[in-house]
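Spelled out from the first residue to the last, the chains are:
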Amino acid sequence: GKKSTCSANYRPQKAVNIILLGKNNLPRNTYFFEAATTCKKILSLLDSTDYGYKIYKLYSLYLEAYSYIRAKDYKNYNYAKSLLIQAIQLEKNAAYMLHALGLVEEYQYNFKNAEDYYRKAIKLIPTWTYPRSSLGNALKEQGKYIEALKVFNEVIKLAPNFSWPYNNIANVYSMMGNNQYVLEYYLKALIIKEEIGDKLGIAIALNNIGG
């Protein structure tokens, strides 16, 4: 009954939390698919009126959709969207679902749609850095460089020890042909990555600086 449900809760909740942090060194897509499968097993033991049923249903839809996003499995992007839309019908103010929809749209090169979803997610949770950082990327891909810089600087204010907005700012300046600031921001990203011991991030930063 309730005891087994609580113990089983740990993995799906952990999987969702890992995504929401917006880190780049995420587990493989299979980890999220298996977490979704765990949710489905729990749902099979619950009645739709039980406490927690809706939460597991939302997690099930989200984690399965995210497994396709994580794998960049373009054949399943439309299916992932349908899962997320189902979830939003259950919980219209689920910012993490809106953000995931934005990611799918972004990976399908529908950058304006992605921008709209990211803005909705930010409106719901203004302090959450992940959709704001994603918004900056969507703006950058549309050639809205000044807006993108503004958004990435907002991310830095919210999370000054998060290295990726510095890296993204450097990329935007590179696209603008403003090389004066490119090295400066790549170096800022490198310093943060060295401080937190992010070996992969350090390698990427050094490659960017060398490039």
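Residues numbered from 1 in each chain as written. Predicted model: local features only at pLDDT ≥ 70, side-chain atom pairs only at ≥ 80, totals over all residues. Heavy atoms only, no water.

(A) Structural detail: the packing of aromatic side chains. By the definition in use, this model includes eleven aromatic pairs. Between Phe32 and Tyr66 the ring centres are 5.3 Å apart and the planes differ by 75°, which places this aromatic pair in the edge-to-face class. Separated by 34 residues along the polypeptide, Phe32 in helix α2 (residues 29-45) and Tyr66 in helix α3 (residues 53-71) bring together distant segments of the chain. For Phe32, a relative accessible area of 0% gives the class buried. Judged by centre distance (4.7 Å) and plane angle (80°), the rings of Tyr62 and Tyr96 are edge-to-face. Taken together, the residues span a long stretch of sequence, with Tyr62 in helix α3 and Tyr96 in helix α5 (residues 95-107) at a distance of 34 residues. Here Tyr62 matches Tyr96 in class, with each residue buried. Here the aromatic cluster, defined as three or more aromatic residues joined through ring pairs, consists of Tyr31, Phe32, Tyr62, Tyr66 and Tyr96. One cation-aromatic arrangement involves Lys72 over Tyr107; the distance from NZ or CZ to the ring centre is 4.9 Å. Against the face of Tyr185 rests Lys188, its NZ or CZ located 4.5 Å from the ring centre. (Phe/Tyr/Trp six-rings, centres within 6.5 Å; stacked < 30°, edge-to-face > 60°. Helix = DSSP H or I, 4+ residues; strand = E, 2+ residues; numbered from the N terminus. Buried < 20%, exposed > 50% of the residue type's maximum accessible area, 1.4 Å probe, protein only. Lys NZ or Arg CZ within 6 Å of the ring centre and 35° of its normal.)

(B) Here's a closer look at the packing of helix α6 (residues 111-124) against helix α7 (residues 129-141). Here α6 crosses α7 at 155°, and the two axes come no closer than 9 Å. By the angle class used here, α6 and α7 are roughly antiparallel. Once α6 is placed against α7, the crossing between them reads as left-handed. Contacts between α6 and α7 involve Phe111, Ala114, Glu115, Tyr118, Arg119, Ala121 and Ile122 from the former and Pro131, Arg132, Ser134, Leu135, Ala138, Leu139 and Glu141 from the latter. Along the lines of polarity and charge, the residues of the contact of α6 with α7 split into nine nonpolar, one polar and four charged. (Axes fitted to C-alpha atoms, helices over the stretch in contact; angles between N-to-C directions. Parallel < 35°, antiparallel > 145°, perpendicular 65-115°, else oblique. Left-handed = near helix turned anticlockwise from the far one by under 90°. Contact = heavy atoms within 4.5 Å. Nonpolar A, V, L, I, M, F, W, Y, C, P; charged D, E, K, R; others polar.)

(C) Inspection of the environment of Pro160 at higher detail. Residue placement: Pro160 occurs in the loop between α8 (145-158) and α9 (164-176). Judged by relative accessible area, Pro160 falls into the partly exposed class, the value being 44%. Along the chain, Pro160 and Ile192 lie 32 residues apart, while their C-alpha atoms are 9.2 Å from each other. Contact partners of Pro160, with chain neighbours within four places excluded, come to Tyr166 and Ile192.

(D) Quick peek at α6. Over its 14 residues, α6 runs 20 Å from end to end, which matches the ideal 20 Å to within 8%, given 1.5 Å per residue. Where α6 is concerned, the buried positions are Phe111, Ala114, Glu115, Tyr117, Tyr118, Ala121 and Ile122. Tucked inside the fold, the buried residues of α6 contact α5 and α7. (Expected span 1.5 Å × (residues − 1).)

(E) View of the pattern of salt bridges. Evaluation of the coordinates by the stated rule reveals eleven salt bridges. The partner of Arg11 in a salt bridge is Glu34, and the shortest N-O contact between them spans 3.1 Å. Here Arg11, found in helix α1 (residues 2-20), pairs with Glu34, found in helix α2; they are 23 residues apart in sequence, far enough to count as distant. With a relative accessible area of 29%, Arg11 lands in the partly exposed category. (Salt bridge = Lys/Arg side-chain N within 4 Å of Asp/Glu carboxyl O.)

(F) The arrangement of the nonpolar core in detail. Judged by nonpolar contacts, the single largest core of 63 residues is most densely connected at Phe32, Tyr62, Leu63, Tyr66, Leu84, Tyr96 and Met97. Looking at this core element by element, the count peaks at ten residues for α3. If near-sequence neighbours (up to four positions away) are discounted, Tyr66 is found in contact with Ile19, Leu26, Phe32, Leu103 and Tyr130. (Core = buried A, V, L, I, M, F, W, Y, C linked by side-chain atoms within 4.5 Å.)

(G) How the structure looks around unusual backbone geometry. Even without glycine at this site, Lys72 takes up a positive phi of about 50°. In this fold, Lys72 is placed in the loop between α3 and α4 (77-90). Using a relative accessible area of 53% as the deciding quantity, one classes Lys72 as exposed. Phi is positive for Tyr109, which is not a glycine, with a value near 65°. Along the chain, the position of Tyr109 falls in the loop between α5 and α6. Under the relative-accessibility criterion, Tyr109 is labelled exposed at 66%.

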